[in-house]
Amino acid sequence: MTSGNPKLKKVVVNGVDVSEYVISFEVTREYKKVIGEAEIVFSKKINNVLTISKTEGVAWPVTIQRGVSSPTEEYIFRGEVMSIQDTIPTYTFNCVDKYYSAVRHEVTTSYDIDIDPQNGVLSEIFMDLINTHTDLTCDSTTVQNSGTALTLKKFICNHADVFERCDAIADGLNWQHYYDPDTDKIYLEPRGFVTESDVLEVGVNVIEAPDWEYSKDRLINELTLRGAEQAVETTVFQDGDNTEGQTVSLSKKPVSMKVFVGSGSFDPTGTGTKPSDNNANLKSGGKINSTSGSYDYEYDDDPNVKKVYFYDSSRGSEPSFTPPTGTNNIEIQYTYNIPSPVIKSNPASIAKYEIHKTTHVRTDIKNVSDAEVYVDKTLEYFSEPFISTTLKVSNVNKLKVGHKYRCIDAKKDIDEYLIATKIKMMYPYAFDEITVGDEILKETEWEIQTMDRIKRLEELEGESQDLLLHVIAIDHSMIYERRYTKLELKNIAGETGIYGHSTFGVYGTAKYGASTSGGFVLGHTTFGILGTSKIGSGATTPVTVRIIQGDNTYKEFLYDDDFYDSSNSTATWDTTNHEITFTANQIIQTSEISLGIKYNYYTVNLAQVTGDVKVEISGDGGKNWEEVTLNSRTLFTNSDTTGVLLKITETAGSNAKIENTYDKEAYDEPAIKVKLE
Amino acid sequence: MTGNIINKKGKNLALYRIYTANSDLSSTEYLAPTKFKIGVNNVEPLETDTDLTNPIPLSNGTINDDGSNQLTGSNGGDNTTDNTTTYKQGAGLTDNTSQNLKVNNTSATKTFTISDLSVNGTVINKDYYVGLFIYIKDSTTLDYFKSTGTAVEIKLGSDSSNYYSKTFEKSDLSTGWNWLYLGKLSDNTETGTVGTTIDTFIIEITTNNATDVWAEGDVIYDLLRSWQYSDTVDGFVSGYPSFDYTNNEVTIRCYIDSVTANGFFIDSVALVTEDTNPIMHSEAVITGESKSDTDEFAFVIKDRVR
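Since the structure is predicted, the reported quantities are computational estimates derived from the model, not experimental observations.

**Quick word on the overall build of chain A**
Reasoning step 1: Tallying secondary structure elements over chain A gives 7 helices and 42 strands in all.
Reasoning step 2: Expressed as a percentage of the 677 residues in chain A, the buried residues total 46%.
Reasoning step 3: A separation threshold of at least 6 residues defines the contact pool for chain A, and within that pool the share at least 24 residues apart is 69%.
Reasoning step 4: Here chain A displays about 33500 Å² of accessible surface, and carbon together with sulfur accounts for 47% of that area.

See the structure below:
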């Protein structure tokens, strides 16, 4: 866009330029919301060009452009109307940008690292989701490569909306994704990926001194990290005394346990005998009010209790086992976790901002040195407050959420690279508002969190136990139809010798043989000479007396010449290439496409014509011809039962061709179609 | 109205046969069409049709009365007389005789009876299909027939009080020969209780007035016949169906020789299966063509898939 203030605008709704009816608009894009929004206020006079009603308007496409010297220099919004408020004397259109269509599209598929071409690469999966499952587009210039270090073994989309899945990927990568109306594409990139060249400077293009906000909400200057815990197993022995209410206290909080109880004396530290030597001594555990049926013991893993209970009538009928009297006859094997905590602080931050203490748990950190690296980095990024403000900016092109801008406020000694978290573009134009801050920037640079997110994404995918049912609809269209029926009539008058016939089969009377050469009368001295007199039918041949097309519609695909009148045709009826070809002034004529039936109306269609032809039809067997208006139901001028014929003549003194059309998914349209009624 | 379609059941069976494994194909249902039947007075075909409107016998069936035997007149009807000029061919008959339904002015109900078909013909099986011909000379004669309500009633039973009957209105009739088709006899209205021997045949014509009388020969009856389903169907010509796998078309040829289906104005042909309950696969209704003993008919039927 030309440098300057973009005061010119063009707003198009449902393909109609409604710019002159715009009272105001506000286009907002916010980091956390992803889908951009626009609110446009129109004068009611918009009804002059666009009818607004309860049923008209919602889901209409909307575009907003603006510019300095031309109103179409830059698209700042492309999307659709979500709702219309009728507020006298105006309409307010609430719109969402085109990324919203990804919410409306559903996807059911899974991306397997070893099967699908995306190979588990998150950015590739993202691109496929957008390009294959929505009508939006993105490419390798708008979607950054997330690389092969961060991959997912399986990414499941189970009747999910595409936007949610894209959001999950972006969140896992800790990246941003958005729709850019100017390029009309979807973007996926690290936060702050692009550092814009425009410098936002108070007093230069920032028209007001901003109020800077310093937030201590997420300040940390003393951090305890509890890393991965290690499991340790231990065993406790105790004497049983055959009374109710026996318990065994544990020194650690148990994670799991086995309890063996035997009879008599055991010597685990001396002779080595233990109740667990006999598997029959293994007892069954349970939980009061949870376990149904009978069980022998329960344990309380409350860190303040850490106790195993046997039968105690004051607690209920279960557990129901009482250890008998014995020495070391109660053996409890249990497992507990050992944590590896690290604690560190930032004294300078504590002195400045007072202590801000917290504990993080990172199960993926398994040793102290990794824990120390994590703590150091966390304190580095979070021991200072986050800074943010909203700037009123003019004469700056293409402000983008998620992009980095150098922000200078000399009076407040601020010269920082900050990320734009919210942008508001307005009309009438006075300035654009851009909210900037460093919180997201610091999160982005805090890489360790990304691995955690990927791991969580995988864990969430892994939790799904549902089978993924892919329903792939493949439809075949097949037309099974009657092509035509015809009735052939053969008149046998003049023939003789039909055995069993009441007239032509009377013994001693009927004549056998062709009438033209005399008959054959069995036993006759003249007409019964073996080897000389002829027996059999005469010269009559069947005559077609009725022809009716399937569904009264003639469909000529030029597969054969059943209806080709070669005597009256000069053009070529080509059953190999399924076309009729004409040179200058040539004619093609059909034989009767209908016979014995009087029709009143006809409609003629030609599927595909190259060149110029005249089509004529006769409804009375060729006695009268009338010129056809294609694709129009027409009353026959003359019709009777002597037959319907079609004649096509080339009229431009050049070549012409009539052929079928072919639709690979469905069925063909015939070169010639005549519907008769 | 004319038409030429594959019926819904025909499409059902095609679908069934395409997608059912060979070993799972039924031997009694949804078989391929292998027979044809013909009919008269067919209405415009609809996809939902399951039979022709009036199928006619291809084979002779049973001649219950060949039309050469007198019917006894009563009420406004007189005893019938022979007519050797205007008669119906068909069913392999050679009598060449029909009966003039003579009338008098004593009653608007003109009754004609054969009380024992077995004397000169054959008794009727109630499970058979039944039909006969009535000839009406011209519109003047037709106008004598009762304008509304029952104009003709055909009764077949064990006597005049116990019979199956079917009524026809004037709108069902036309000048010239009329084929009165009763369908399966036992499906018709039963009056009383019909005995096992169905030998009584009554034609009852009701005119508008008792004084409505016509000249001898203006109304004629011929050929009472009955048949079974198997008499209405025949196979295709040998070598058919013929398949064109290049253009995905099939051709079927149905032949009716000069001794078959004579005396009818044939206007419909259907392809049917040999299921336990036969299915009509398709039907074509054309402008009728009369069939006599000098005619051979061949229906050529082409279907395609695309």
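Having seen it, we continue.
**Describing the nonpolar core**
Reasoning step 1: A:I580, A:I617, A:I672, A:V674, B:F36, B:I38 and B:F299 are the most contacted members of the largest nonpolar core, which totals 61 residues.
Reasoning step 2: Element by element, the count of residues in this core is highest for strand β18 (residues 264–272) of chain B, at 4 residues.
Reasoning step 3: In this view, A:V674 contacts A:N552, A:T553, A:Y554, A:I593, A:T603, A:V604, A:I617 and A:L646; residues no more than four positions away in its chain are not counted.
Reasoning step 4: Among the nonpolar cores identified, the runner-up in size contains 42 residues, and A:Y21, A:V27, A:V401 and A:I414 belong to it.

**Structural notes on the packing of helix α2 (residues 122–133) of chain A against helix α3 (residues 162–173) of chain A**
Residues and elements named next belong to chain A.
Reasoning step 1: α3 packs onto α2 with a crossing angle of 165° between their chain directions and a minimal axis gap of 10 Å. Our classification of the angle between α2 and α3 gives roughly antiparallel. Here α2 and α3 pass one another in a crossing that is left-handed. Listed contacts from α3 to L122, I125, F126, L129, I130 and H133 of α2 are V162, R165, C166, I169 and L173.
Reasoning step 2: Looking at the contact of α2 with α3 residue by residue, the class counts come to 9 nonpolar, 1 polar and 1 charged.

**Remarks on the side chain of A:T28**
Reasoning step 1: Counting through the fold element by element, A:T28 comes out in strand β3 (residues 22–30).
Reasoning step 2: Look past the residues within four positions of A:T28 in its chain and what remains in contact with it is A:G36, A:E37, A:K422, A:I423 and A:K424.

**Brief notes about α2(A)**
Reasoning step 1: Its 12 residues give α2(A) an end-to-end C-alpha distance of 16 Å, which sits within 8% of 16 Å, the value for a rise of 1.5 Å per residue.
Reasoning step 2: Residues A:L122, A:S123, A:I125, A:F126, A:M127, A:L129 and A:I130 constitute the buried set of α2(A).

**A short note on the environment of B:V119**
Reasoning step 1: For B:V119, the location among the structural elements is in helix α2 (residues 117–120).
Reasoning step 2: Taking the C-alpha atoms as reference, B:V119 lies 9.2 Å from B:D199; in sequence the two are 80 residues apart.

**A short note on the interface of chain B and chain A**
Reasoning step 1: On the chain A side, the residues contacting the 41 residues of chain B number 39 residues.
Reasoning step 2: Interface of chain B and chain A: buried area, both sides summed, is about 3700 Å²; carbon and sulfur atoms make up 51% of it.
Reasoning step 3: Applying the counting criterion to the chain B and chain A interface returns 8 salt bridges.
Reasoning step 4: Across the salt bridge formed by A:E481 and B:R306, the nearest N and O atoms sit 2.8 Å from each other.
Reasoning step 5: Among the elements of the structure, β1 (3–6), α1 (8–19), β17 (249–256), β18, β19 (280–291) and β20 (295–305) of chain B are those that each provide at least two residues to the side of chain B that touches chain A.
Reasoning step 6: Here the element with the most residues in the side of chain B that touches chain A is β20(B); it accounts for 11 residues.
Reasoning step 7: When grouped by side-chain class, the residues that make up the side of chain B that touches chain A number 17 nonpolar, 12 polar and 12 charged.

**Here's the deal with unusual backbone geometry**
Reasoning step 1: A cis amide bond links A:Y427 to the next residue, A:P428, at an omega of -5°.
Reasoning step 2: Mapped onto the fold, A:P428 is located in the loop between β27 (414–427) and β28 (432–437).
Reasoning step 3: At the junction of B:Y240 and B:P241, the peptide bond is cis and its omega measures out at 5° in the coordinates.
Reasoning step 4: In this structure, B:P241 sits in the loop between β15 (234–235) and β16 (242–244).
Reasoning step 5: Look at B:L223: it is not a glycine, yet its phi comes out positive at around 60°.
Reasoning step 6: If you trace the backbone, B:L223 turns up in strand β14 (residues 219–227).
Reasoning step 7: Overall, B:L223 belongs to the buried group, its relative accessible area being 0%.
Reasoning step 8: One non-glycine residue, B:A261, adopts positive backbone phi at about 55°.
Reasoning step 9: Within the element layout of this structure, B:A261 appears in the loop between β17 and β18.

About the criteria used
- Residues numbered from 1 in each chain as written.
- Chains lettered and ligands numbered in written order.
- Predicted model: local features only at pLDDT ≥ 70, side-chain atom pairs only at ≥ 80, totals over all residues.
- Heavy atoms only, no water.
- Helix = DSSP H or I, 4+ residues; strand = E, 2+ residues; numbered from the N terminus.
- Buried < 20%, exposed > 50% of the residue type's maximum accessible area, 1.4 Å probe, protein only.
- Contact = heavy atoms within 4.5 Å.
- Areas by Shrake-Rupley, 256 points an atom, 1.4 Å probe, with all protein chains shown as cover.
- Core = buried A, V, L, I, M, F, W, Y, C linked by side-chain atoms within 4.5 Å.
- Axes fitted to C-alpha atoms, helices over the stretch in contact; angles between N-to-C directions.
- Parallel < 35°, antiparallel > 145°, perpendicular 65-115°, else oblique.
- Left-handed = near helix turned anticlockwise from the far one by under 90°.
- Nonpolar A, V, L, I, M, F, W, Y, C, P; charged D, E, K, R; others polar.
- Expected span 1.5 Å × (residues − 1).
- Buried area = accessible area lost by both parts, 1.4 Å probe.
- Salt bridge = Lys/Arg side-chain N within 4 Å of Asp/Glu carboxyl O.

That's the geometry; what it means functionally is another story.
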